Amino acid sequence: MELREIIGNRRSTRYLDPDRPVEIEKIQRMLEAARIASHFGNNNSVQALVVHRETATNEQVASLHSPVGGFQMELAPVVILWYIECDAMDEASARLRELVDCGALGYGPNKNKELEETLVPLFDRIGEALKGPGMPDMDCGQAVAQATLLAFEQGLGTCCQGSGDWAKVEAAFGFPESCRIVVAQTVGYPVENPDCGGQRPRLPFEQLFQLNSIDNPFPRSQEVMSELSQEKLLQPAAPLPGREEQIEGIREKYKLPGSGMI
Ligand SMILES: Cc1cc2nc3c(=O)[nH]c(=O)nc-3n(C[C@H](O)[C@H](O)[C@H](O)COP(=O)(O)O)c2cc1C
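Okay, so let's go over this structure. (Residues numbered from 1 in each chain as written. Predicted model: local features only at pLDDT ≥ 70, side-chain atom pairs only at ≥ 80, totals over all residues.)

**Description of the site of the ligand**
Worth spelling out the cut-off: By convention here, the C-beta atom is placed from the backbone, and a residue is near a molecule or strand when that atom is within 6 Å of it. Numbering of helices and strands starts at the N terminus; helices are DSSP runs of H or I of at least 4 residues and strands are runs of E of at least 2. Residue type decides the class: Asp, Glu, Lys and Arg count as charged, Ala, Val, Leu, Ile, Met, Phe, Trp, Tyr, Cys and Pro as nonpolar, and the leftover types, Gly among them, as polar.
Near the ligand you find Arg11, Ser12, Arg14, Ser66, Val68, Gly69, Cys159, Cys160, Gln161, Gly162, Val183 and Arg200, and these make up its full shell. The dominant element in the shell around the ligand, judged by the number of residues it contributes, is strand E3 (residues 157–161), at three residues. Here the residues of the shell around the ligand are counted per class, giving four nonpolar, five polar and three charged.

Printed below as a string of structure tokens:
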């Protein structure tokens, strides 16, 4: 599958096979992709704890319950807890020095002056504020997005999950106070069609994107759309025929809520 088709197929996959284990190498590839995602100041605060439900404790698995579509946590053989290690910000100046040393910023002969007189003092000043929600969460989104593409490329499905009580999850897995979970990501082999029933609704392109002025919609070219449709990045809208019947069959098989069996 080409990258564009992978992006087009990257839908939240809620129905995963609870009985089919995920190869650990596939999870490693997802984590490798996350590790090389961009971080502001190269801070490396985005980290992940992988939960293998087969070997996790009952208390740990129970803590993961998600308020929206909670059945997913019962199906997924693997759940990745993506979190921010806030103390990473305390090392901001070391990370900046590495960034400058490896030539990423390219300040030329004055690079050490720029580093010590501008960059390091700036990050020292704002370091505490950077521990709060905002930029690190953006980094986390980038990391999860890259991991998600790798999951789909390897035939896996995933869905991000919120929680009504992250503190409970953090306690169950022994997180220190410096860590804050952002999202849980289920991972497994899909039991639903790879198209997941079609492209989920989105607001119109023109409403979402602008050019130069907030009231000037970004021009959407039909030619580009046809090209992307041909390459399967843009796909037919949900619901596709047969979706409801397929999901009902899966719900009955796994005795999920809503199947009329519970
Ligand atoms: C941060 C985040 C949290 C989400 N939490 C949940 C959740 O708790 N339960 C759920 O079923 N889907 C959850 N989703 C999936 C969204 O509802 C999904 O994006 C939406 O169904 C449509 O997008 P899709 O094209 O990925 O299917 C979450 C997505 C994100 C990015």
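**Some details on unusual backbone geometry**
For the peptide bond that leads from Ala238 to Pro239, omega is 0°, which places it in the cis range. Here Pro239 shows up in the loop between helix H10 (222–230) and helix H11 (243–253). For Asn42, which is not a glycine, the phi torsion comes out positive at approximately 55°. Looking at the secondary structure, you find Asn42 in the loop between helix H2 (24–35) and strand E1 (46–52). Residue Lys232 is not a glycine yet carries a positive backbone phi of 70°. Relative to the assigned elements, Lys232 resides in the loop between H10 and H11.

**Considering the pairing of E3**
Stated formally: Here the C-beta atoms are placed from the backbone, and a residue counts as buried if at least 20 other C-beta atoms lie within 10 Å of its own, exposed if 12 or fewer do, and partly exposed otherwise. Pairs of strands are assigned from DSSP output, requiring at least two bridges between the strands.
Buried residues dominate E3, accounting for four of its five residues. Pairing of E3 with strand E4 (residues 179–188), which is carried by five bridges, proceeds in the antiparallel orientation. Each residue of the ladder has a partner; that of Cys160, found in E4, is Gln185.

**Here's the deal with the sheet that holds E3**
Paired through their backbone hydrogen bonds, the strands of a sheet run either parallel or antiparallel. Under the convention used in this document: The convention used is that axes are lines fitted to C-alpha atoms, helices contributing only their stretch in contact, and that angles between N-to-C directions extend from 0 to 180 degrees. Contact between two residues is assigned whenever their backbone-derived C-beta positions fall within 7 Å.
The four strands are arranged E1-E2-E4-E3 in an open sheet whose pairing can be described as antiparallel. Only two strands of the sheet have a single partner each, and these edge strands are E1 and E3. For this sheet, the mean inter-axis angle between neighbouring strands, taken without regard to orientation, is 25°. Where E1 lies against strand E2 (residues 78–85), seven bridges are found, and the strand directions are antiparallel. Across the sheet, His52 pairs through a bridge with Val78, a residue of E2. Contacting E1, E2 and E4, H2 crosses the sheet at an angle of about 170° to E1.

**Things to note about the environment of Gln60**
If you trace the backbone, Gln60 turns up in helix H3 (residues 58–63). According to the C-beta neighbour criterion, Gln60 is partly exposed, with 17 such atoms within 10 Å. It is 7.1 Å that separates the C-alpha atoms of Gln60 and Val169, two residues lying 109 residues apart in sequence. What Gln60 contacts, discounting residues up to four positions off in sequence, is Val51, Ala172 and Phe173.

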